[in-house]
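Descriptive analysis of the structure
So the chains spell out like this:
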Amino acid sequence: MTGAVPHAARPAPAPRPAAVRRGLLRWSPLAPATVLLLLFLAGPVGYCCYLALTDTQLTGQESASFVGLANFRRAVTDPAFLNAVVLTLVFTALSSLLGQNTLGLALAALLRRASRPVRAVTGAVVITAWVLPEIVAGFLLYTFFERRGTLNALLAWLHLPTQNWLFTLPILAVSFANVWRGTAFSMLIYSAALAGIPQEVTESAEVDGAGGLRRLWHITLPMIRRSIGTNLMLNTLQTLSVFGLIWTMTRGGPGDRSQTLPVFMYDQAFMKSLIGYGTAVALLLLVVGALFSVVSLRLLREEV
Amino acid sequence: MPRRPSRATRHRLAADAALLVTAAAFAVPLAWLVLSSLDTGATLRVRLPDAPGVANFAAVLTDEITFTPMLNSLLLCGGATSLTMVCAALAAYPLSRFRARFSRPYLLTVLFSTCLPVTALMVPVYGLFVRVDLIDTMYGTALFLATAQLPFAIWLLKNFMDGVPRALEEAAWTDGASWAQTLLRIVLPLMGPGFGVVTVYTFIMMWGNFFVPFMLLLSPEQLPASVSIFTFFGNYQGIAFGELAAFSLLYSTPVLLLYLLISRRLGGGFALGGAVKG
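Along each chain, residues carry numbers from 1 onward, in the same order as the chain's sequence is written. In the order they appear in the text, chains get letters beginning with A and ligands get numbers beginning with 1. Given that the model is predicted, a residue must reach a pLDDT of at least 70 before its local features are reported, and side-chain atom pairs must reach 80 or more before they are shown or counted; all residues, however, enter totals for whole chains, interfaces and linings. As a convention, hydrogens and water are excluded, and side-chain values are obtained from all of the structure's heavy atoms.

1. Regarding the pattern of salt bridges
Residues and elements named next belong to chain B. A carboxyl oxygen of Asp or Glu within 4 Å of a side-chain nitrogen of Lys or Arg is what we treat as a salt bridge. Inspection of the entire model under this criterion finds 7 salt bridges over all chains. Asp-50 is paired through a salt bridge with Arg-47; the nearest N and O atoms lie 3.9 Å apart. Burial here depends on accessible area, computed with a 1.4 Å probe over protein chains only, as a share of the maximum for the residue type. Under 20% is buried, over 50% is exposed, and the range in between is partly exposed. With a relative accessible area of 30%, Arg-47 lands in the partly exposed category. Its salt-bridge partner being Glu-170, residue Arg-166 comes within 3.7 Å of it at the nearest N-O pair. On the accessibility criterion, Arg-166 (33% relative accessible area) is partly exposed.

Have a look at this one:
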């Protein structure tokens, strides 16, 4: 926000020894965190860039050799990779954009009107689904969607046709699972955002005769647009890195029909022992994540 | 006079109905968890136990299934949380109190790395850990877990710290207190609730983390609960679903209780409050 303190340690043009010492002393607490971040975060990112350009394998190889962009060229023509990209897009669009985001906003809006006990019950249930560990959520949704599971029991009870969901529509099942698990986050963000809209604005629109939908479109949504942006970015980033949920429910199967990019990456690197190729896929994922990070950073910029 | 309240009531009833339907849908898998854990003949679908009892819990409360993995989880996540919080508190202090040319870029980098998908990093981290011989070590895994949570913890703590007024500290400085004394004796106690929330949040995230220990720990006796539960039950072949439910419940209880603790403290909407303000 404001400019630098003129006596700051590093950049001062002609630093006096005392000022340098004071600057170093002041900023020394930053050292442990910086060392950890460099070693275990920046290090792997750098190593990722290097590995992605080699043909490293998990076993049975004397030395890996540098293969340039071969891994990436291979990815572009690999039908399994393209399949994973498409499935990741479907998974993200269904569960993050459509599911978590819309349902979260709807729940937040309804919660403001609901009576107290209903608010408490709904909040507790939805948030519990969010707080449960990923693996437990995976187990629970597996039993829900399995052929002999609860969903089919409910459908049979209603005399509706049943299906082996994890076999016929695995990507839909894992998307629903991600909605179940992730909606609470959007709900909390939107609850906070809606609470921040001044009452007078909504009331005066109501007096002017604007109906519910028009109020939503012309007043509520524009006023919380920054929260919507932030929430979409964070949801998408979270969804892009979902692994455990899918792994416990379907292991990417049947075949490769729920194999999103993280699962594909794991499969290539460890099941097929192609560490170099798996890392190239990871790097692509990282770049996409970084782009989203930059966008969400822009949205949050005024905060720093 | 009679019109307005009736319309408001109608709106409220509609909202209540819609929410109850949603809550019921969300509650079905949770109902399976609770009911099956009490049912020795549990199947894949929700049903009331014929003879409810705690036999499933008795069956999983063994060293191999429950105690060792839970202890491992506690060591791993407790150690990593402590490391994260110490480093984050130290880093947040100068970032909150002083300004230099690099502090804004530093914060932006921290914020940027909070968003990076850690999942994508795990293949290279595995490769790196094999090279430097940290693979299959508890402390290596804890170091990585701690670092992965560090950016977010720094960011949240810095925001909480910004809310602590500087007047008291300046008095302490004039009395000759060092930065360490000021941080420990004045700033941290004043931001106690915020510090607690970030600690608990960090711990919850680590407790539920599956992929990191799944990749970095190999020997069965070192696995935390998040991974051991998967190795015991994950292939769904010939397992007792009641025991799966019972252990899932045991494994989830600590984080549910911890969440309850911090949500009450900050009125439910803590939702990463520092990070995602409107």
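2. So, helix H12 (residues 225-240) of chain A
Along its 16 residues, H12 of chain A runs 22 Å from first to last C-alpha, staying within 8% of the 22 Å computed at 1.5 Å per residue. Residues of H12 of chain A that are buried: Ser-227, Ile-228, Gly-229, Thr-230, Asn-231, Met-233, Asn-235, Thr-236, Leu-237, Thr-239 and Leu-240 of chain A. Contact between two residues is taken to exist if any of their heavy atoms lie within 4.5 Å; hydrogens are not considered. Only runs of H or I of at least four residues qualify as helices and only runs of E of at least two qualify as strands under DSSP, and these elements are numbered from the N terminus. Check the buried side of H12 of chain A and you find it contacts helix H4 (79-113), helix H9 (170-195), helix H11 (212-223), helix H14 (261-271) and helix H15 (275-299) of chain A together with helix H4 (103-115) of chain B. Working rule for helices: expected span equals 1.5 Å times residues minus one.

3. Concerning the domain arrangement of chain B
Residues and elements named next belong to chain B. Per the domain assignment, the segments making up chain B are domain 1 (1-53) and domain 2 (63-265). Domain start and stop positions are those given by an automatic or database domain assignment. Spacing between the C-alpha centres of domain 1 and domain 2 amounts to 33 Å. Contacts between the two partners involve 8 residues from domain 1 and, on the opposite side, 7 residues from domain 2. Two parts placed together each lose some accessible area under a 1.4 Å probe, and adding up what both lose gives the buried area. At the boundary of domain 1 with domain 2, total buried surface from both sides reaches about 600 Å², with 82% on carbon and sulfur atoms. On the domain 1 side of the contact with domain 2, Trp-32, Leu-33 and Ser-37 bury the most area, a combined 61% of that side's loss. Remark: the boundary between domain 1 and domain 2 carries 0 salt bridges. Contacts described as polar in this section are N or O atom pairs within 3.5 Å, which, within protein, must combine one atom able to donate a hydrogen with one able to accept it, while residues neighboring in sequence count only if both atoms come from side chains. Scanning the region where domain 1 abuts domain 2 turns up 0 residue pairs in polar contact (both at pLDDT 80 or more). In this classification, the charged set is Asp, Glu, Lys and Arg, the nonpolar set is Ala, Val, Leu, Ile, Met, Phe, Trp, Tyr, Cys and Pro, and all remaining amino acids, among them Gly, are polar. Of the residues in the side of domain 1 that touches domain 2, the class split is 4 nonpolar, 3 polar and 1 charged.

4. Comments concerning the environment of Glu-169 of chain B
Tracing the chain through its elements places Glu-169 of chain B in helix H7 (residues 167-174). Look past the residues within four positions of Glu-169 of chain B in its chain and what remains in contact with it is Tyr-93, Arg-97, Thr-182, Ile-186 and Val-187 of chain B.

5. Here's the deal with H14 of chain A
A large share of H14 of chain A lies buried, amounting to 10 of its 11 residues. Those residues of H14 of chain A that fall on the buried side of the exposure criterion are Leu-261, Pro-262, Val-263, Phe-264, Met-265, Tyr-266, Asp-267, Gln-268, Ala-269 and Phe-270 of chain A. Among the structural elements, H4, H12, helix H13 (244-249) and H15 of chain A together with helix H5 (118-131) and helix H10 (211-216) of chain B are those in contact with the buried residues of H14 of chain A. Trailing H14 of chain A by a residue or two, Ser-273 of chain A shows a phi angle of about 60°, which is positive.

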